[in-house]
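# Working through the structure, step by step
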Amino acid sequence: MIKRNQPVLLERVNKMEHATDVAEYERYQGFEGLKKAIEMDKETILDELDIAHLRGRGGAAFPLGKKWRHLYGSKGDTKYIVCNADEGEPGTFKDKALLAHDPLSVIEGMVIAGYLFSAKAGYIYMRGEYRRIQKVFQEALDHAEAAGFLGDNILGIEGFDYKITIISGAGAYVCGENSALLNSIEGKTGRPRVKPPHLADVGLYLKPTLVNNVESFAGIPVILREGGQAYRDLGTEDGGGTKLICLSGHVKNRGLYEVNLGTPLHEIIYSDEYGGGSSTGNPLKFIHFGGQSGPIGAVKNLDDCIYSYEGLWEKNLSIGSGAIVVMDDQVSIVDYLVQVAVFFAHESCGKCTPCRLGTTRILELLTKFNKKQAESGDLERLEHMLTHVTNLSACGLGQSVANPMRSGLDYFPEEFEAGLKEAAVPVKGGLW
Amino acid sequence: MGLSLKEKEAIIFENDSDPQRILNIFLDIQFASEEGYIDEETAKLVGSHLGLSEARVYELLSFYAILKTEPQAKYVLKICNSTPCLYTGGDMLAEVLETILEVPIDQATPDGLFMYHSIPCIGACDQGPVIKIKDTVFSDLTEEKVYQLIDDLRNGCYLEL
Ligand code: SF4
Ligand code: FES
């Protein structure tokens, strides 16, 4: 039985001595989800996932059950399972914890997917920054294979053959975008593909492919072990389960936590159990949710906010990756957004002009405001540019650049206005 | 670049000469080498073992930020410049390093020992400010700790800070 307020994904992270040890993993209910799955009818597995209402934890929050059903229905003998472990959203370090301290749970989730879709090959694409963790993960894969949970005839089931390969990234944020990630696995540059077609129909090597985040895969064994309803009850109406959150910035207790969806945001930021309030002694001013591509909320408007998908949507915010970056009132929003823009201008892959040039123009405009050198019309130009980049970019990177910028403009317009040059006074008479 | 042909080939074979694992291969070679970069000869070697054209290989080398095609300083200090780190003290790092090392950002010291530059988030945002050197992250840095770090590195070692 799992109850609310009990760690589910972090349970073993805090307890296991040897993260890659299969026997120890099994002592903490490891592989029970897989064992249940192979007893179940495949349709029933899909039903449980729907009931659980797990939304993709990478950031897009798409219902996982629907995604899996789509792949289940897509035609083709060869299907691939891919785990997106390219965590690169600034402010996000949750996948790192699972990969390093509970790799077998991610593996178990991927094996369940392998079973359901009769896939022979799974890939985990892990960011190049996590090289040390790649070694830990490889060890976990080797142990799992030795114990019969990977390789040929898994669990003695004839024809249940499945392997997982680690592919390293090498420092490109855009590879977190699923289609770019697949290109990168194929040994190409990690530039996003034009979609549709959907990856569930035309994915890795043009075959039907499932791509899910690390945290999503780690949730799968829990759902099958405990039942979809029990999992759903951990969260709220619009999203079941718990969520890993990463607190950083000006809070006392920075770090990784697991919360039930539906926890009051105020508690997350201020209670001693989580953030513990301001670390600087200054009042807190704004919170950036979900990474650089996420929206920003003003603390003063968030007193009654509930940390859940619907609770954040109501405030025009979103959970995204689970990053919660908190800033105090000494931080100028314009200055902050300049840094965000630096990030996007640096990480745009350059494939589409609106994103490649747009991110640079946005950075230039914001810098003008920051230096108090903006001219009349610049605010309109900025708004225009944000709309263009959002609407004309081909992938999620370009399409979400405007999220933090827009919310900054909405909540703190006075700081932008203060960035306008003093209107020049016409010179009267001669200059001599 | 320090690694012998045999050592390079060993890395390629460990990765099953698998073109899918070309980034793993380049990273392993780069991290094992003294000068921290992929030279032309190595690029060609990897390409031929994996059955990839030179153009394809160079496209990859130029696309991925961690891969380098020029010799690096012995210690490349990478400063996280994403917002969570930057606003919890990270803004002082470049300044302090400039004072200590007496070279601007992105430029190696004359003795070839140090260089520092900015990179985006490395997933240690709750421990900022951070500097990463190869696979090691130095976290919760203060000015004093940075002085100590450089001192230690000059003496060829570093303490866990
Ligand atoms: S939107 Fe930006 S990152 Fe995405 S494909 Fe276009 S240029 Fe590349
Ligand atoms: S923001 Fe610096 S490590 Fe993540």
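Residues numbered from 1 in each chain as written. Chains lettered and ligands numbered in written order. Predicted model: local features only at pLDDT ≥ 70, side-chain atom pairs only at ≥ 80, totals over all residues. Heavy atoms only, no water.

- As recorded by an unreviewed UniProt entry, chain B carries the name NADH-quinone oxidoreductase subunit E and is attributed to Candidatus Enterococcus dunnyi.
- Looking at the Sequence similarities (unreviewed entry) heading of the UniProt record, one finds this comment for chain B: "Belongs to the complex I 24 kDa subunit family." (UniProt positions renumbered as here; feature names shortened; annotations may be inferred.)

- Under an unreviewed UniProt entry, the name given to chain A is NADH-quinone oxidoreductase subunit F, and the source organism is Candidatus Enterococcus dunnyi.
- The UniProt entry for chain A carries the following text under Sequence similarities (unreviewed entry): "Belongs to the complex I 51 kDa subunit family."

### Re the UniProt feature "binding site: [2Fe-2S] cluster" (unreviewed entry) in chain B
- Sites flagged by UniProt as "binding site: [2Fe-2S] cluster" (unreviewed entry) map to C80(B), C85(B), C121(B) and C125(B). Taken together, the annotated residues stretch across 46 residues yet fold into one region, lying no more than 8.9 Å apart by C-alpha.
- With a relative accessible area of 4%, C80(B) lands in the buried category.
- Not counting residues within four places of it along the chain, the set of residues in contact with C80(B) comprises C85(B), I119(B), P120(B), C121(B) and V130(B).
- Examined against the element boundaries, C125(B) turns out to sit in the loop between strand 2 (114-119) and strand 3 (131-133).
- The exposure class of C125(B) is buried, given its relative accessible area of 2%.
- Dropping the residues within four chain positions of it, C125(B) is found in contact with G91(A), T92(A), F93(A), S248(A), R254(A), P84(B) and C85(B). (Buried < 20%, exposed > 50% of the residue type's maximum accessible area, 1.4 Å probe, protein only. Contact = heavy atoms within 4.5 Å. Helix = DSSP H or I, 4+ residues; strand = E, 2+ residues; numbered from the N terminus.)

### Some points on a negative patch on the surface
Residues and elements named next belong to chain B.
- Taken together, the side chains of D91, E95, E98, E143 and E144 define an acidic patch exposed on the protein surface.
- For the negative patch, the secondary structure elements donating two or more residues are helix 5 (83-101) and helix 6 (143-154).
- With 3 residues, the single largest contributor to the negative patch is helix 5.
- By secondary structure assignment, the location of E95 is in helix 5. (Patch = residues over 30% accessible without salt bridge, like charges linked within 9 Å, V, L, I, M, F, W, Y side chains within 5 Å. Areas by Shrake-Rupley, 256 points an atom, 1.4 Å probe, with all protein chains shown as cover. Salt bridge = Lys/Arg side-chain N within 4 Å of Asp/Glu carboxyl O. Lys, Arg positive; Asp, Glu negative; His and termini not counted. Charge placed at Lys NZ, Arg CZ, Asp CG, Glu CD.)

### Brief notes about the pattern of salt bridges
Residues and elements named next belong to chain A.
- Counted according to the given criterion, the structure contains 27 salt bridges over all chains.
- Note that K285 is salt-bridged to E415, the shortest N-O span being 2.7 Å. On the criterion of sequence distance, the pair formed by K285 in strand 8 (residues 284-289) and E415 in helix 19 (residues 413-417) is long-range, its members being 130 residues apart.
- In the salt-bridge network here, residues are joined through shared partners; they are R57, K94, D95, E215 and K243.

### With respect to the site of ligand 1
- Near ligand 1 there are 13 residues, and of these C349(A), K351(A), C352(A), C355(A) and C395(A) occur at the shortest range.
- The residue makeup of the shell around ligand 1, split by class, is 8 nonpolar, 4 polar and 1 charged. (Near = heavy atom within 4 Å. Nonpolar A, V, L, I, M, F, W, Y, C, P; charged D, E, K, R; others polar.)

### A word on the pairing of strand 1 (residues 75-80) of chain B
Residues and elements named next belong to chain B.
- Of all 6 residues that make up strand 1, 6 are buried, and the element is covered over most of its length.
- Alternating residues of strand 1 divide into Y75, L77 and I79 and V76, K78 and C80, and every residue in both groups is buried.
- With 6 bridges connecting them, strand 1 and strand 2 associate as parallel partners. If you follow I79 over to strand 2, its bridge partner there is S118.
- Crossover strand 1 to strand 2 through helix 5 is right-handed.
- Of the pairings in the sheet, the one linking strand 1 to strand 3 comprises 2 bridges and is antiparallel in character. Each residue of the ladder has a partner; that of K78, found in strand 3, is K132. (Pairing = 2+ DSSP bridges. Right-handed = clockwise from strand over helix to strand, strands pointing away.)

### Observations concerning the sheet that holds strand 5 (residues 242-249) of chain A
Residue and element names in this part refer to chain A.
- What the 5 strands build is an open sheet, ordered 6-5-11-8-9; its pairing is mixed. Pairing within the sheet leaves two strands with one partner each, and these edge strands are strand 6 (255-260) and strand 9 (296-298). With strand direction ignored, the average angle separating the axes of adjacent strands in the sheet is 30°.
- Pairing geometry for strand 5 and strand 11 (residues 323-328), over 4 bridges, is parallel. Its bridge partner being in strand 11, L247 is matched across the sheet by I324.
- Helix 18 (residues 402-411) contacts strand 8 and strand 9 of the sheet and is inclined by roughly 20° relative to strand 9. (Axes fitted to C-alpha atoms, helices over the stretch in contact; angles between N-to-C directions.)

### Some details on the pairing of strand 3 (residues 163-168) of chain A
All names here are of chain A.
- Summarising the sheet, strand 2 (residues 121-126) and strand 3 pair through 6 bridges and their orientation is parallel. If you follow Y125 over to strand 3, its bridge partner there is I167.
- Each parallel crossover has a hand, and the one from strand 2 via helix 8 (residues 131-146) to strand 3 is right-handed.

### Examining the packing of aromatic side chains
Residue and element names in this part refer to chain A.
- This model, assessed by the stated rule, comprises 18 aromatic pairs over all chains.
- Centroid distance Y25 to F31: 5.1 Å. Interplanar angle 80°. Geometry classified as edge-to-face.
- Given the relative accessible area of 0%, Y25 is considered buried.
- With 6.4 Å between their ring centres and 55° between their planes, W68 and F217 make a pair best called tilted. Residue W68 is located in helix 5 (residues 64-73), and its partner F217 is located in helix 10 (residues 214-226); the two are separated by 149 residues in the primary sequence.
- The exposure class of W68 is buried, given its relative accessible area of 0%.
- For F217, a relative accessible area of 0% puts it in the buried group. (Phe/Tyr/Trp six-rings, centres within 6.5 Å; stacked < 30°, edge-to-face > 60°.)

### Side note on the domain arrangement of chain A
Residue and element names in this part refer to chain A.
- Parsing chain A into structural domains produces domain 1 (22-233), domain 2 (242-328) and domain 3 (333-422).
- Taking the mean C-alpha position of each, domain 1 and domain 3 sit 35 Å from one another.
- Each partner contributes to the interface: domain 1 provides 9 residues, whereas domain 3 provides 7 residues.
- A buried area of about 730 Å², summed over both sides, lies between domain 1 and domain 3, and 73% of it is on carbon and sulfur atoms.
- Here domain 1 is connected to domain 3 by 0 salt bridges.
- At the junction of domain 1 with domain 3, the criterion picks out 3 residue pairs in polar contact (both at pLDDT 80 or more).
- When its residues are assigned to classes, the side of domain 1 that touches domain 3 shows 5 nonpolar, 1 polar and 3 charged. (Domains from an automatic or database assignment. Buried area = accessible area lost by both parts, 1.4 Å probe. Polar contact = N/O pair within 3.5 Å; in protein donor to acceptor, adjacent residues only side chain to side chain.)

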